[in-house]
Amino acid sequence: MRHWLILFLVALAGAAEAQKIRVAVAANAQFVMEKLKAGFEKKTGLDVEAIVNSSGKLTTQIQNGAPFDVFLSADMKYPAAVDKAGLAATKPKVYAYGLLVLWTRADIDPAKGLAVLSDQRIHKIAVANPRMAPYGATAIAVLAQQKRLEALQPKIVYGESIAQVNQYLISGAVEAGFTAKSVVLEPSMQGKGRWVDVKGAEPMAQGVVLLKGARTDARQFYDYLFSPEARAIFQRYGYQKPVHP
């Protein structure tokens, strides 16, 4: 009897999980996603589950059949790859433009921009894996453009995603790192370092697709991303709004 009860409870938990709209979200948008989720759930009564990782890893999971409903990337390349593979129900659409920042320990002033990375107090610089994380790719590109990459290469440590870069800096494992502006504007991150916008880093177009086989009500979350309420949340977290209505 107890065995059947356990099976029933497991099945019930699985059914409850299946009722959630599953959103694959790039790590740069981890904190803003919490606010979007709260706003959407309050507005609709529907439940959302966020799965956070680098855009590249999420794309691989989607291509391997992961049961996601919506995919928010940190760029347009990965949503385009999902669309090209025939896995998207909508064409990639920009939901926001993200900004790259240089984040340092509290006792290091990043006001000099990338020049501060040559400071002897900075032994390690965290960058998200550029092969999987668009913010990491942008950071490496800017360092290369400004002819700093070769000299700084020995200091660079790679994280799987922006989320791991954040952990490295907060834990003190590194003295500096490149992260998303949305991260440093998160209230829980206040006082955990100093930051400056990275000059030469263009705003990054971030795309979203509704995935094929998505729950019917997942379209409501997709549409919510372009609502005035959601745009206000994005802007509070330092994202620039897209030009389309």
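Structure shown above.
Residues numbered from 1 in each chain as written. Predicted model: local features only at pLDDT ≥ 70, side-chain atom pairs only at ≥ 80, totals over all residues. Heavy atoms only, no water.

S.K.: Could you give me a rundown of the overall build of the chain, with the residues and numbers involved?
M.R.: Of regular secondary structure, the chain possesses ten helices and ten strands. Taken over C-alpha atoms, the radius of gyration comes to 19 Å for the chain, in line with the 18 Å a tight globule of 245 residues would show. Taken along its principal axes, the extent of the C-alpha atoms in the chain is 65 × 50 × 35 Å. Out of the 245 residues in the chain, the part that is buried amounts to 48%. Intrachain contacts of the chain at a sequence separation of at least 6 include 76% that bridge at least 24 residues. (Helix = DSSP H or I, 4+ residues; strand = E, 2+ residues; numbered from the N terminus. Rg over C-alpha atoms; globule rule 2.2 N^0.38 Å. Buried < 20%, exposed > 50% of the residue type's maximum accessible area, 1.4 Å probe, protein only. Contact = heavy atoms within 4.5 Å.)

S.K.: Any details on the nonpolar core? Residues and values, ideally.
M.R.: Ranked by internal contacts, the top residues of the largest apolar core, which has 67 residues, are Leu72, Leu117, Phe178 and Phe221. Not counting residues within four places of it along the chain, the set of residues in contact with Leu117 comprises Leu102, Ile122, Ile125, Leu143, Leu152, Lys155, Ala176 and Phe178. (Core = buried A, V, L, I, M, F, W, Y, C linked by side-chain atoms within 4.5 Å.)

S.K.: Give me the lowdown on the side chain of Asn166, citing residues and values where you can.
M.R.: As for its placement among the helices and strands, Asn166 is situated in helix H7 (residues 162-171). What makes Asn166 buried here is its relative accessible area of 4%. Within polar-contact distance, the side chain of Asn166 engages the side chain of Thr179 at 2.8 Å. Among all residues touching Asn166, those that are not within four sequence positions of it are Trp103, Thr179 and Val183. (Polar contact = N/O pair within 3.5 Å; in protein donor to acceptor, adjacent residues only side chain to side chain.)

S.K.: If you had to explain the packing of helix H3 (residues 55-63) against helix H4 (residues 77-84) to someone new, which residues and values would you point to?
M.R.: Axis separation between H3 and H4 bottoms out at 10 Å; the angle between their running directions is 10 degrees. In terms of orientation, H3 lies roughly parallel with respect to H4. Every residue of H4 that contacts H3 at Ser55, Gly56, Thr59, Ile62 and Gln63 is listed here: Tyr78, Ala81 and Val82. Residue classes in the contact of H3 with H4 are distributed as four nonpolar, four polar and no charged. (Axes fitted to C-alpha atoms, helices over the stretch in contact; angles between N-to-C directions. Parallel < 35°, antiparallel > 145°, perpendicular 65-115°, else oblique. Nonpolar A, V, L, I, M, F, W, Y, C, P; charged D, E, K, R; others polar.)

S.K.: Break down the sheet that holds strand E6 (residues 125-128) for me, with residues and values.
M.R.: Backbone hydrogen bonds are what pair the strands of a sheet, in a parallel or an antiparallel way. Pairing in this open sheet of five strands is mixed, and the strands run E7-E6-E8-E5-E9 from one edge to the other. Two strands lie at the open edges of the sheet, namely strand E7 (156-159) and strand E9 (194-197), each paired on one side alone. Across the sheet, the mean angle separating the axes of adjacent strands is 30 degrees when strand polarity is ignored. Each of strand E5 (100-104), E6, E7 and strand E8 (176-180) is contacted by H7, which is oriented at about 140 degrees to E8, the strand it contacts most. (Pairing = 2+ DSSP bridges.)

S.K.: Provide a residue-level description of the pairing of strand E1 (residues 21-26), including the pertinent values.
M.R.: Of all six residues that make up E1, five are buried, and the element is covered over most of its length. As paired elements, E1 and strand E2 (residues 48-53) share six bridges and run parallel to each other. Note that in E2 the partner of Ile21 across the bridge is Val48. In this fold, the crossover linking E1 to E2 by way of helix H2 (residues 30-44) has right-handed handedness. Judged from the three bridges that link them, E1 and strand E3 (residues 70-72) form a sheet pairing that is parallel. Residue pairing across strands places Val23 opposite Val70, the latter belonging to E3. (Right-handed = clockwise from strand over helix to strand, strands pointing away.)

S.K.: Could you give an account of the pattern of salt bridges, naming the residues involved and the relevant values?
M.R.: Applying the stated criterion to the full structure yields 13 salt bridges. When the shortest N-O distance is used, the salt bridge between Glu49 and Arg22 registers 3.2 Å. Here Glu49, found in strand E2, pairs with Arg22, found in strand E1; they are 27 residues apart in sequence, far enough to count as distant. Classification of Glu49 as buried rests on a relative accessible area of 19%. Here Asp197 ties to Lys181 by a salt bridge, and the two come within 3.4 Å at their closest N and O atoms. You can see Asp197 sitting in strand E9 and its partner Lys181 sitting in helix H8 (residues 181-184), a full 16 residues away along the chain. Residue class for Lys181 comes out buried when judged on its relative accessible area of 16%. (Salt bridge = Lys/Arg side-chain N within 4 Å of Asp/Glu carboxyl O.)

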